[in-house]
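# Structure assessment
What follows is the residue order along each chain.
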Amino acid sequence: MHLLSPSILTADLLRVGQAIEFINQSQADWIHIDVMDGLFVPNISFGFPLIEAVKKASVKPLDVHLMIVEPERYIERFRKSGADILTIHYEASRHLHRSIQSIHAEGMKAGVALNPHTPVEVLTDILPFIDMVLVMSVNPGFGGQKFIGHTYRKLLRLKSMISEINPDVLIQVDGGVDLSNFRQLIEAGVDVLVAGNAVFGAASPIDTICKLKAEV
Ligand code: DX5
Ligand code: ZN
């Protein structure tokens with residue numbers, strides 16, 4: 001069964017508590033929190049205070065996606081704020097292996113994210129050490145963008161690398177995931193779906209979460 005990690009990026013910020021309540025009561029598995037620094041991506045989103053607040057209200061693990069340069073500077077802070085899974089970008093961390101070690105030393109699961117232009121093959125030598133690969137299926141920075149179809153080819157290649165090198169690694173896909181494409185993504189080997197707009201832009205977030213969790 002695949003996992004679902006609703007992204008609160010496009011939730012109504014005056015009602016974040018309600019969004020967390022929806023997620024708590026739903027079949028969602030994790031809560032996806034997008035952290036943007038205005039440098040790695042052309043947008044600024046959430047910081048530590050929001051993560052701490054969400055942690056207090058959430059009964060689900062916090063899946064924190066860092067779109068920040070030099071993420072190694074803040075690994076301990078994110079753990080203290082409540083992150084359970086911490087994903088950093090391949091493009092943002094010069095000493096990725098060391099950063100992964102630090103994430104594990106803090107007791108978190110470690111993910112590596114790839115921008116749409118980054119080939120999955122760059123992960124060959126880090127796959128033995130990580131828990132998850134996040135494949136960006138839009139350019140990071142904003143919710144509500146259109147899914148990039150080329151992602152399927154990357155998923156195919158990534159799946160075969162993972163089976164060969166470290167079958168325990170989860171594949172997460174992030175960006176433009178909705179009711180029209182989630183089945184095809186699961187069939188392509190995706191283990192964790194992130195969905196922002198599809199959930200929080202819907203008339204009934206709980207109902208949409210239920211549909212996105214349907215057996216494929
Ligand atoms: C984009 C973020 C995504 C975003 C996805 O940079 O990493 O997590 O919230 O939003 P949707 O599902 O609306 O594309
Ligand atoms: Zn994300």
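Above this note sits the structure.
Reference entry: report on the structure contained in this document. Model, not experiment: these values are computed from the prediction.

### Focus on the pattern of salt bridges
Using the criterion set out here, one finds eight salt bridges in the structure. Lys-55 is the salt-bridge partner of Asp-84, the closest N and O atoms lying 2.8 Å from each other. Separated by 29 residues along the polypeptide, Asp-84 in the loop between helix 3 (75-81) and strand 4 (85-89) and Lys-55 in helix 2 (residues 48-57) bring together distant segments of the chain. Asp-84 sits in the partly exposed class, given a relative accessible area of 28%. Here Lys-55 falls in the partly exposed class, since its relative accessible area comes to 31%.

### So, the sheet that holds strand 2 (residues 31-36)
Pairing within the open sheet is parallel, and its eight strands lie in the order 1-8-7-6-5-4-3-2. Among the strands making up the open sheet, the edge pair consists of strand 1 (3-6) and strand 2. Ignoring strand direction, the axes of neighbouring strands in this sheet form an average angle of 25 degrees. In terms of strand pairing, strand 3 (residues 62-67) meets strand 4 through three bridges, oriented parallel. If you follow Val-64 over to strand 4, its bridge partner there is Leu-86.

### Describing the pairing of strand 5 (residues 109-114)
For strand 5, the buried fraction is high: five of the six residues fall into the buried class. Here five bridges tie strand 4 to strand 5, and the two strands are oriented parallel to one another. Looking across to strand 5, one finds that Ile-85 is bridged to Lys-109. In terms of handedness, the path from strand 4 via helix 4 (residues 96-105) over to strand 5 forms a crossover that is right-handed.

### Regarding the packing of helix 1 (residues 16-25) against helix 2
The angle between the axes and the distance between the axes are what describe a pair of packed helices. One can describe the packing of helix 1 onto helix 2 by two numbers: an axis separation of 10 Å at closest approach and a directional angle of 45 degrees. On the basis of the axis angle, helix 1 is oblique to helix 2. For helix 1 against helix 2, the interelement crossing comes out right-handed. Contact residues: helix 1 offers Val-16, Ile-20 and Asn-24, while helix 2 offers Leu-50, Val-54 and Ala-57. Counted by class, the contact of helix 1 with helix 2 contains five nonpolar, one polar and no charged residues.

### Quick word on the site of ligand 1
In the vicinity of ligand 1 there are 20 residues, among which Ser-7, Gly-141, Gly-144, Asp-174 and Gly-196 approach most closely. Gly-141 is positioned with one of its backbone polar atoms (N or O) 2.7 Å from an oxygen atom of ligand 1. One nitrogen or oxygen atom from the main chain of Gly-196 is found 2.8 Å from an oxygen atom belonging to ligand 1. Taken by itself ligand 1 offers 380 Å² of open surface, and the protein chains cover 99% of this. When contributions to the shell around ligand 1 are tallied by element, the ones reaching two or more residues are strand 2, strand 3 and strand 8 (192-195). Top element by residues in the shell around ligand 1 is strand 2. It accounts for three residues. In the shell around ligand 1, the residues fall into eight nonpolar, ten polar and two charged.

### Concerning helix 1
Since one α-helical turn is 3.6 residues long, residues separated by three or four positions face the same way. Val-16, Ala-19, Ile-20, Ile-23 and Asn-24 are the residues of helix 1 that are buried. Buried residues of helix 1, viewed axially, fall in a sector of 140 degrees; they line one side.

### Structural notes on the coordination of the zinc ion (ligand 2)
Distances from the zinc ion (ligand 2) to its protein donors, His-32 (NE2), Asp-34 (OD), His-65 (ND1) and Asp-174 (OD), fall within 2.0 to 2.3 Å. One can describe the donor arrangement at the zinc ion (ligand 2) as octahedral, given that its six donor atoms subtend angles of 71 to 168 degrees at the metal. Sequence spacing of the donor residues for the zinc ion (ligand 2), all on one chain, is H-x1-D-x30-H-x108-D. On the criterion of sequence distance, the pair formed by His-65 in strand 3 and Asp-174 in strand 7 (residues 170-174) is long-range, its members being 109 residues apart. Each member of the pair His-65 and Asp-174 is classed as buried.

Conventions and cut-offs
Residues numbered from 1 in each chain as written. Chains lettered and ligands numbered in written order. Predicted model: local features only at pLDDT ≥ 70, side-chain atom pairs only at ≥ 80, totals over all residues. Heavy atoms only, no water. Salt bridge = Lys/Arg side-chain N within 4 Å of Asp/Glu carboxyl O. Helix = DSSP H or I, 4+ residues; strand = E, 2+ residues; numbered from the N terminus. Buried < 20%, exposed > 50% of the residue type's maximum accessible area, 1.4 Å probe, protein only. Pairing = 2+ DSSP bridges. Axes fitted to C-alpha atoms, helices over the stretch in contact; angles between N-to-C directions. Right-handed = clockwise from strand over helix to strand, strands pointing away. Parallel < 35°, antiparallel > 145°, perpendicular 65-115°, else oblique. Left-handed = near helix turned anticlockwise from the far one by under 90°. Contact = heavy atoms within 4.5 Å. Nonpolar A, V, L, I, M, F, W, Y, C, P; charged D, E, K, R; others polar. Near = heavy atom within 4 Å. Polar contact = N/O pair within 3.5 Å; in protein donor to acceptor, adjacent residues only side chain to side chain. Areas by Shrake-Rupley, 256 points an atom, 1.4 Å probe, with all protein chains shown as cover. Arc of directions from axis to C-beta. Donors = N, O, S within 2.8 Å, 3.2 Å for Na, K, Ca; no water. Tetrahedral: all angles 85-135°; square planar, octahedral: opposite > 155°, others 65-115°.

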